[in-house]
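# Descriptive analysis of the structure
Chain residues, written in single-letter form:
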Amino acid sequence: MEEYSREPCPWRIVDDCGGAFAMGCIGGGVFQAIKGFRNAPSGMNRRFLGSLSAIKTRSPIIAGNFAVWGGMFSTIDCTLVHIRKKEDPWNSIISGAATGGILAARNGFGAMAGSAIIGGMLLALIEGVGILFTRLSADQFRNPLPPTEDPAALGDPSTSGSGPFGFGQPPQQYQ
């Protein structure tokens, strides 16, 4: 099976930044549409206009915040790949912690440490679930055993000398 490889690092940063922007734009748009609809004055026309207004004002801000997070995360991840010379889950965990800490640095050391811990824990959870699913689904891709000509290997008890319970001769019948 071919090993999955990602884009080279300069392109990976741009790709992740753009993907995060799109995700923030779509997710933020849906969230802001619901929020604008609920907070608008009564009347369907006013509610739809309130929803559209909330999308236009807040969705680009949310998308930009997502893009900053995605770009910084990918930059730190690529830096760690270059320094450590390997790609493993630790790079993502460290990148999540560093990104959370850097983005919260203006709010003081306490907020910075808390965001770094949350970022690292969140990425550790994501990586752990990914590894779990990979291991659980690995059995379905395992190569089957080659066929054998030995009837005992196929489970035929009459040729193997063992009884139905696997302890030698079959048990005696009581009369």
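For the structure itself, look to the data block above.
Residue numbers run consecutively from 1 along every chain, following the written order of its sequence. The predicted nature of this model means local features are confined to residues of pLDDT at least 70 and side-chain atom pairs, given and counted, to a pLDDT of 80 or more, with totals for whole chains, interfaces and linings taken over all residues. For side-chain calculations, the full set of non-hydrogen atoms in the structure is used, while hydrogens and water are omitted.

## What to know about the overall build of the protein
Put simply, the rule reads: Numbering of helices and strands runs from the N terminus, with a helix taken as a DSSP run of H or I at least four residues long and a strand as a DSSP run of E at least two residues long. The buried label applies to any residue whose accessible area, calculated with a 1.4 Å probe on protein chains only, is under 20% of its type's maximum; exposed applies above 50%, and partly exposed to all values in between. Note on definitions: a residue-residue contact is assigned when non-hydrogen atoms from the two residues lie within 4.5 Å. The Shrake-Rupley method, run with a 1.4 Å probe, gives the accessible areas here. Residue values count only the displayed protein chains as cover.
On a plain count of helices and strands, the protein comes out with 5 helices and 0 strands. Listed by position from the N terminus, the elements making up the protein come as α-α-α-α-α. Expressed as a percentage of the 175 residues in the protein, the buried residues total 21%. At a minimum sequence separation of 6, the contacts of the protein that also span at least 24 residues come to 47%. If you sum the accessible surface of the protein, you get close to 13,200 Å²; carbon and sulfur atoms cover 65% of it.

## So, helix H4 (residues 109-137)
The test is simple: Expected span of a helix: the number of residues minus one, times 1.5 Å.
With 29 residues, H4 extends 42 Å from end C-alpha to end C-alpha; this agrees with the ideal 42 Å at 1.5 Å per step. For H4, the set of buried residues is Gly119, Gly120 and Leu123. Check the buried side of H4 and you find it contacts helix H2 (44-84) and helix H3 (89-103).

## Looking at the pattern of salt bridges
Short version of the rule: Here, a salt bridge means any side-chain nitrogen of Lys or Arg that lies within 4 Å of a carboxyl oxygen of Asp or Glu.
Applying the stated rule across the entire model yields 3 salt bridges. Ionic pairing is found between arginine 12 and aspartate 77, a salt bridge with its closest N-O pair at 3.8 Å. Taken as a pair, arginine 12 in helix H1 (residues 9-39) and aspartate 77 in helix H2 lie far apart in primary sequence, 65 residues in all. Judged on exposure class, the residue arginine 12 and its partner aspartate 77 are both buried. Measuring nitrogen to oxygen at the nearest pair gives 2.7 Å for the salt bridge that ties aspartate 88 to arginine 84.

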